[in-house]
Amino acid sequence: MNPQSSRSESVSPGVSSSVARQPSRSEGLPLVPCPECGVTVKKLVNRTPLNPERVFYRCPNKISRCTFWKWENEYLAYLRNANVVIPSIESELAEVIGTLESQLVRLIDELKKKSQDDDRQIEAIVASLDNINIKVHNHMYVIIALLVVVIAILIVFIGIQK
Ligand SMILES: [Zn+2]
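Residues numbered from 1 in each chain as written. Predicted model: local features only at pLDDT ≥ 70, side-chain atom pairs only at ≥ 80, totals over all residues.

Take the pairing of strand E2 (residues 55-58) next. Pairing between strand E1 (residues 42-45) and E2: four bridges, direction antiparallel. Considered in E2, the bridge of Leu 44 is made with Phe 56. Strand direction decides the pairing type here: E2 and strand E3 (residues 69-71), joined by three bridges, are antiparallel. Within E3, the position partnered with Phe 56 by the bridge is Trp 71. (Pairing = 2+ DSSP bridges. Helix = DSSP H or I, 4+ residues; strand = E, 2+ residues; numbered from the N terminus.)

Taking strand neighbours across the sheet as the criterion, the three strands line up as E1-E2-E3 in an open arrangement whose pairing is antiparallel. Each edge of the open sheet is held by one strand with a lone partner, namely E1 and E3. Averaged over all adjacent pairs, the angle separating strand axes in this sheet is 25°, with direction ignored. Running at roughly 110° to E3, helix H2 (residues 72-81) makes contact with E2 and E3 of the sheet. (Axes fitted to C-alpha atoms, helices over the stretch in contact; angles between N-to-C directions. Contact = placed C-beta atoms within 7 Å.)

Set out below in structure tokens:
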């Protein structure tokens, strides 16, 4: 029994131009040449009510009417039997963790730089506040000095008038 797949052939998930650069990882099991005709097998998704969404691998060779196809678990067993290197979940995980780690290191670096910038900004604000303080104090001294002068003049005037 060959699963009906005419509708699913172009809808197979993960098959797009953007994913084409890393086919073996994003599409699960590696696609190997058909043992009967040598054409690379295709990953397909079954759409029949009996086996909905069930993944299978089939030889796309229609010219020679090749009949090679296998459910995913059977295909996995076939690959293991044929000593095909299957990218393990562990190695994929290691790759993902490695990527995450490098991203984390970069983020921490950025955060450190940012907090240094913030520290510098705070220092600048504190320095400018100090400046304003000094200016206010300077003005106070001037104002007090002026007041003293004015009072002295007033006292002198009052003294003269008496
Ligand atoms: Zn074939």
